[in-house]
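Understanding the architecture of this molecule
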Amino acid sequence: MNNETSKNNPLICDIETGMCETTDTTSESTSTNKVSSDKKSIKIIYYTDPICSSCWGIEPQLRKLKLEYGDAVEIDYRMGGLLPDWSYNSGGISSPADVASHWDEVSVHYDMPIDGDLWLEDPMDSSYPSSIAFKAAQLQDKQKAILYMREMREMMFLEKKNMAKWENLAIAAEKVGLDLKQLKTDFEGKAQDLFKEDLKLGQELGVRGFPTMFFVDEAGNQETVYGTRPYAFYEMAILKLNPNTKKSEYSKTWENLFAIYPTLTAKEFSELSGTPRADSEKQLNDLVSAGKLKTYTTKNGSIWKITK
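Predicted, not measured: the structure shown is a model, and the values here were computed from it.

Conventions we followed
- Positions within a chain are numbered from 1, following the residues in the order the chain's sequence is written.
- Given that this is a predicted model, residues contribute local features only at a pLDDT of at least 70 and side-chain atom pairs are listed and counted only at 80 or more, while totals for whole chains, interfaces and linings are drawn from all residues.
- As a rule here, side-chain values come from all non-hydrogen atoms in the structure, and water together with hydrogens is ignored.
- What pLDDT reports is the predictor's confidence in each residue, on a scale of 0 through 100.
- Two residues form a contact once any of their heavy atoms are found within 4.5 Å.
- Any two strands with at least two DSSP bridges between them are considered paired.
- Helix numbers and strand numbers start at the N terminus; a helix is a DSSP run of H or I with at least 4 residues, a strand a run of E with at least 2.
- In this description, a line fitted to the C-alpha atoms serves as the axis of each element, helices being fitted only across the stretch in contact, and the angle between N-to-C directions of two axes falls anywhere from 0 to 180 degrees.
- Take the buried Ala, Val, Leu, Ile, Met, Phe, Trp, Tyr and Cys residues and link them wherever side-chain atoms come within 4.5 Å; each set so joined is a nonpolar core.
- Note on exposure labels: buried denotes an accessible area under 20% of the residue type's maximum, exposed denotes more than 50%, and partly exposed covers the range between, all computed with a 1.4 Å probe on protein chains only.
- Side-chain atoms alone can form a polar contact between residues adjacent in sequence; in general such a contact is a pair of N or O atoms within 3.5 Å, and within protein one must be able to donate a hydrogen while the other accepts it.

Description of the confidence of the model for the protein chain
- On average, residues of the protein chain score 90 in pLDDT, and 88% of them reach the 70 mark or higher.
- Taken together, the stretch residues 1–7 has pLDDT below 50 and engages in seven contacts with residues farther than four places along the chain or on a different chain.
- Predicted confidence for residues 25–33 stays below pLDDT 50, and this span has 15 contacts to residues more than four positions away or in other chains.

Quick word on the sheet that holds strand S3 (residues 73–79)
- Read across the sheet, four strands follow the order S3-S2-S5-S6 without closing on themselves; strand pairing throughout is mixed. Strands at the two margins of the open sheet, each flanked by one partner only, are S3 and strand S6 (222–226). Geometrically, the sheet is characterised by an average inter-axis angle of 20° between neighbouring strands, direction not taken into account.
- Sheet topology places strand S2 (residues 42–48) next to strand S5 (residues 212–217); six bridges connect them, and they run antiparallel. Residue Ile 44 lies in a different strand from S5, and its bridge partner there is Phe 215.
- Each of S2, S3 and S5 is contacted by helix H10 (residues 190–205), which is oriented at about 105° to S3, the strand it contacts most.

As for the environment of Leu 201
- Among the secondary structure elements, Leu 201 is positioned in helix H10.
- For the pair Leu 201 and Gly 80, spaced 121 residues apart in the sequence, the C-alpha separation amounts to 9.3 Å.
- Apart from residues lying up to four places away in sequence, Leu 201 is in contact with Tyr 47 and Arg 78.

A few points about the nonpolar core
- Formed by 73 residues in total, the largest nonpolar core has its most connected members in Trp 103, Trp 119, Met 124, Tyr 148 and Phe 215.
- Among the elements that take part in this core, helix H7 (residues 142–157) stands out by supplying seven residues, more than any other.
- Not counting the four nearest positions on each side in its chain, Trp 119 is found in contact with Leu 11, Ile 51, Leu 83, Trp 86, Pro 96, Ala 97, Val 99, Ala 100, Trp 103 and Met 124.
- Counting 14 residues, the second largest nonpolar core, distinct from the first, contains Trp 254, Leu 257, Tyr 261 and Trp 304.

Considering the side chain of Ser 127
- Examined against the element boundaries, Ser 127 turns out to sit in the loop between helix H5 (118–121) and helix H6 (128–140).
- Polar contacts involving the side chain of Ser 127 include one to the side chain of Asp 49, which spans 2.9 Å.
- Here Ser 127 is in contact with Asp 49, Ile 51, Gly 81, Leu 82 and Leu 83, once residues within four sequence places are set aside.

Considering helix H8 (residues 166–175)
- Of all the positions in H8, only Asn 168, Leu 169, Ala 170, Ala 172 and Ala 173 are classed as buried.
- Structurally, H8 contributes buried residues whose contacts are with H6, H7 and helix H9 (180–187).
- Backbone geometry just downstream of H8 places Gly 177 in the positive-phi region, at approximately 85°.

Examining the pairing of S5
- The buried count for S5 comes to six of six residues, which makes it a mostly enclosed element.
- Taking every second residue as pointing to the same face, both faces of S5 are buried, with Thr 212, Phe 214 and Val 216 on one and Met 213, Phe 215 and Asp 217 on the other.
- Examined bridge by bridge, S5 and S6 share five bridges and lie antiparallel to one another. By the bridge assignment for S6, Val 216 is matched with Gln 222.
- Where S5 folds back on S6, the antiparallel hairpin that results is connected by four residues, among which Gly 220 adopts a positive phi of roughly 90°.

In structure tokens, the structure reads:
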């Protein structure tokens, strides 16, 4: 796929930068005055999008960051509006099907299971419905909203479910224990305005793609990490702002990790447990054979879940 096409389609992420860039990149500057940290010593404003493949690629690093620095950082999830609709195209992308092979490539690059056939079988026409649904979930319970985002992504990237459809958004909501009636009310009301506020703040901060993380201390000093990067980049951003930030120790046993995160990919398990990637999949499959875990397999990898 040529570079001109990549520049004009936000769903074609740049593997080298780890960034899914939006079509509107006119604002490049960021301001340290628009955001400030509260409660915890460092606030992370995380600009993401439910259907962003590079944001799925960052999950191992993000989950580890929560385990090691969750006591010191507060993560504020913001929606960026990656795909308004298909009318923006000017780079030779004629249909969603052109994204399918790219998602398969991204899956291999990030070592995270993604089945690009979604774009051939039941393509999404926008990322706005899932983004607004997430904002509606935040109104109910911020922790459940994070679980909701994860569930939406697993249904989409692995099960090839169209997450622009309310029926699928509702299934994901029920799985994580959200009040479906309230979610629908907020989805059609308050969440619409909250989503618009996220888009507005993103423009003011100069967000040009996803994932983007702004690390801000209590004084308003800021470090920014663009794209999907190795874990050290995120840790370094925290320590630059506060070198005295203490890293929390956590148990790296499979039992503890699955108690915290009920679903893990082999890459995530490797990142969190310290198990070499070459060995992590075998260890997880051995636990499946022992009846401790179950697995869901796609053409581009698997995910493991705790057996209930």
